[in-house]
Amino acid sequence: MKVLVIGGGGREHTLVWKLAQDSRRPEIFCAPGNAGTAALGSNLPIGAEDIGGLLEWARDEKPDLTVVGPEAPLCAGIVDSFEASGLRIFGPKASAANMEGSKAFAKAIMQSAGVPTAWAQTFTDADEAKAFVHEKGAPIVVKADGLAAGKGVTVCKSIDEAEQAINESLVDRAFGDSGSEVLIEECLVGEEASILGLVDGEHIVLLASSQDHKPAYDGDAGPNTGGMGAYSPAPIVGEDMWPFIRSNIFEATVSELKKRGIEFKGVLYAGLMMTADGPKVLEFNVRFGDPECEAILPRWEGDIIPVLEACIDGTLTDDLIRWKDDPCVCVVMASGGYPGAYEKGKLIKGLDKAGAIDHVTVFHAGTKTEEDSVVTSGGRVLGVTATGSDLAQAIDTAYKAVSIIQFDGAHYRKDIGAKALKVLS
Ligand code: AMP
Ligand code: GLY
């Protein structure tokens, strides 16, 4: 069996790692991949957004399954293109991927479906947007409608800040067409959690809960990043909340889409704020989270291919997935300067020694092989992941592995999982 994984970050190394353990022992290709995926399969010199190039390769090589990591190719219609060529591919078509591609579309679906979320209004005119902000007051959230590489959301403490964010998007066009419309949104208060669901068009299987750490520095200080670490499960999501999350968030959303003639297949990821009034949706994504994937997949018991195929075939059932009890923690090691400018090409030392520790897996993100060495090639470099019999032990083990790995300028948060320890204490 041949499997193609599209993308080249920590999420994709984790998917490749899980696929490599499948009892069908697939031959794995990753486009473009990283030094981690190269050790488990063949990297292809094709970018994740080069849909024409990927399709050409797939038409020639005929993979039995393609798994898409990042949102950009999904929103650009890679699933539509592959299916039109008779290729089996896991992920939503462009019309359904619009749940991530357009925050205004996602909000309209949530409002029609009665999904709990922040109130919001959309604007294309800066003066009207500012008048609305004055009417509502701060704190308030300004979001560029489209994909903005994680930079399109500003949580504004003051009206001034909100006006600046509106100018940035609508006047200065900092996000290009992605920011030609903005949402002005209620600022929700609480702790965040990520719930991912697999969807086959009809049936929904929720995956284990997790929590990301978006700000760059300890104590949730500093600029937002793609995610500096994650753990699973997230104790903030109590057992009693699951039925509500399933019916009022996931089932309501999937059936509202269906009412509009849009079938959702793939991963539907709800970024939740656990407010005093219960969980509310901050955003939907249409793919595995990164680094949530690194914290969730090591807890997944058994094969992944039958489940991905069931999503494609419309035969998904809850009993296809079982979870290990052991919690998992992923600490992201990033390049100096990230999420701002950073240098690449730094030699990474200690990978083998860290990876040899029991219960540790070092997932590669921004890495590549140069001669016989592994060097940095991106902002988020590694996802150092450990399981443990309890969360405290998983955290200890992950940081023990982190302490062994070195590259110039490396930085990482020292408090991944700390919020969960507080909830548990
Ligand atoms: P997003 O790109 O939509 O995931 O937003 C990035 C981050 O902004 C989220 O993880 C939250 O921390 C924050 N955020 C987004 N929407 C809101 C909101 N309505 N209220 C408070 N914080 C928000
Ligand atoms: N971890 C956040 C994301 O994948 O969007």
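Right above here is the structure, for reference.
Residues numbered from 1 in each chain as written. Chains lettered and ligands numbered in written order. Predicted model: local features only at pLDDT ≥ 70, side-chain atom pairs only at ≥ 80, totals over all residues. Heavy atoms only, no water.

A. Representation of the overall build of the chain within the structure. From N to C terminus, the chain includes 15 helices and 24 strands. Taken along its principal axes, the extent of the C-alpha atoms in the chain is 60 × 45 × 45 Å. Per-residue burial over the chain gives 56% buried out of 425 residues. Looking at the chain alone, contacts between residues at least 24 apart form 69% of all its contacts between residues at least 6 apart. Of the roughly 17,000 Å² that the chain leaves accessible, carbon and sulfur atoms contribute 47%. In the chain, the 39 positive side-chain charges and the 62 negative ones have mean positions that sit 2 Å from each other. (Helix = DSSP H or I, 4+ residues; strand = E, 2+ residues; numbered from the N terminus. Buried < 20%, exposed > 50% of the residue type's maximum accessible area, 1.4 Å probe, protein only. Contact = heavy atoms within 4.5 Å. Areas by Shrake-Rupley, 256 points an atom, 1.4 Å probe, with all protein chains shown as cover. Lys, Arg positive; Asp, Glu negative; His and termini not counted. Charge placed at Lys NZ, Arg CZ, Asp CG, Glu CD.)

B. Molecular detail of the site of ligand 1. Surrounding ligand 1, one finds 15 residues, the nearest of these being Glu185, Glu186, Leu188, Glu192 and Glu283. Measuring from an oxygen atom of ligand 1, one finds a side-chain N or O atom of Lys103 at 3.3 Å. Note that an oxygen atom of ligand 1 is positioned 2.4 Å from one of the side-chain N or O atoms of Glu192. Burial of ligand 1 by the surrounding chains reaches 89%, relative to a free accessible area of 470 Å². Of all elements in the fold, only strand E7 (140-144), strand E8 (153-156), strand E9 (182-186) and strand E17 (278-285) reach the threshold of two or more residues within the shell around ligand 1. Class assignment for the residues of the shell around ligand 1 results in eight nonpolar, no polar and seven charged. (Near = heavy atom within 4 Å. Polar contact = N/O pair within 3.5 Å; in protein donor to acceptor, adjacent residues only side chain to side chain. Nonpolar A, V, L, I, M, F, W, Y, C, P; charged D, E, K, R; others polar.)

C. Local environment of the site of ligand 2. By nearness alone, every residue bordering ligand 2 is listed as Asp212, Lys214, Gly226, Tyr269, Asn285, Arg287, Gly289, Asp290, Pro291 and Glu292. For ligand 2, a nitrogen atom lies 2.7 Å from a polar atom in the side chain of Glu292. Among the residues forming the shell around ligand 2, the class breakdown is two nonpolar, three polar and five charged.

D. Seen up close, the pairing of strand E24 (residues 380-387). Among the eight residues that make up E24, seven are buried, leaving the element largely enclosed by the rest of the structure. Sheet analysis places strand E20 (residues 328-334) next to E24, joined by seven bridges and oriented antiparallel. Along E24, the bridge assignment pairs Met333 with Leu382. With five bridges joining them, strand E21 (residues 360-364) and E24 adopt antiparallel strand pairing. Residue pairing in the sheet places His364 in a bridge with Leu382 of E24. (Pairing = 2+ DSSP bridges.)

E. Summary view of the sheet that holds E21. Ordered in space as E12-E15-E20-E24-E21, the five strands form an open sheet in which the pairing is antiparallel. In this open sheet, the two strands that pair with only one neighbour each are strand E12 (211-212) and E21. Pairing geometry for strand E15 (residues 229-232) and E20, over four bridges, is antiparallel. By the bridge assignment for E20, Ala230 is matched with Cys330. Against the sheet, helix H14 (residues 391-404) contacts E15, E20, E21 and E24, and its axis sits at roughly 30 degrees relative to E20. (Axes fitted to C-alpha atoms, helices over the stretch in contact; angles between N-to-C directions.)

F. Here's a closer look at the sheet that holds strand E11 (residues 204-206). What the four strands build is an open sheet, ordered E11-E10-E16-E17; its pairing is antiparallel. The open sheet is flanked by E11 and E17, the only strands paired with a single partner. Going from strand to strand, the sheet's axes swing by 35 degrees on average, the running direction of each strand aside. The pairing of strand E10 (residues 191-200) with E11 spans three bridges and is antiparallel. Among the inter-strand pairings, Leu198 is bridged to a residue of E11, identified as Val205. Lying on the sheet, helix H12 (residues 305-313) is in contact with E10 and strand E16 (265-275); it crosses E10 at an angle near 65 degrees.

G. A look at unusual backbone geometry. Note that the residue after Ala31, namely Pro32, is joined by a cis bond; omega there is 0 degrees. Note that the residue after Ser232, namely Pro233, is joined by a cis bond; omega there is 0 degrees. Within the secondary structure layout, Pro233 lies in the loop between E15 and helix H10 (242-259). With a phi angle near 50 degrees, Lys62 is a residue other than glycine that sits in the positive phi range. Its location among the elements puts Lys62 in the loop between helix H3 (51-61) and strand E4 (65-68). Although it is not a glycine, Arg173 sits at a positive phi angle of roughly 55 degrees. Structurally, Arg173 is set in the loop between helix H9 (159-171) and E9. Owing to a relative accessible area of 37%, Arg173 belongs among the partly exposed residues under this scheme.

Take it as geometry only, folks, not as evidence of what the structure does.
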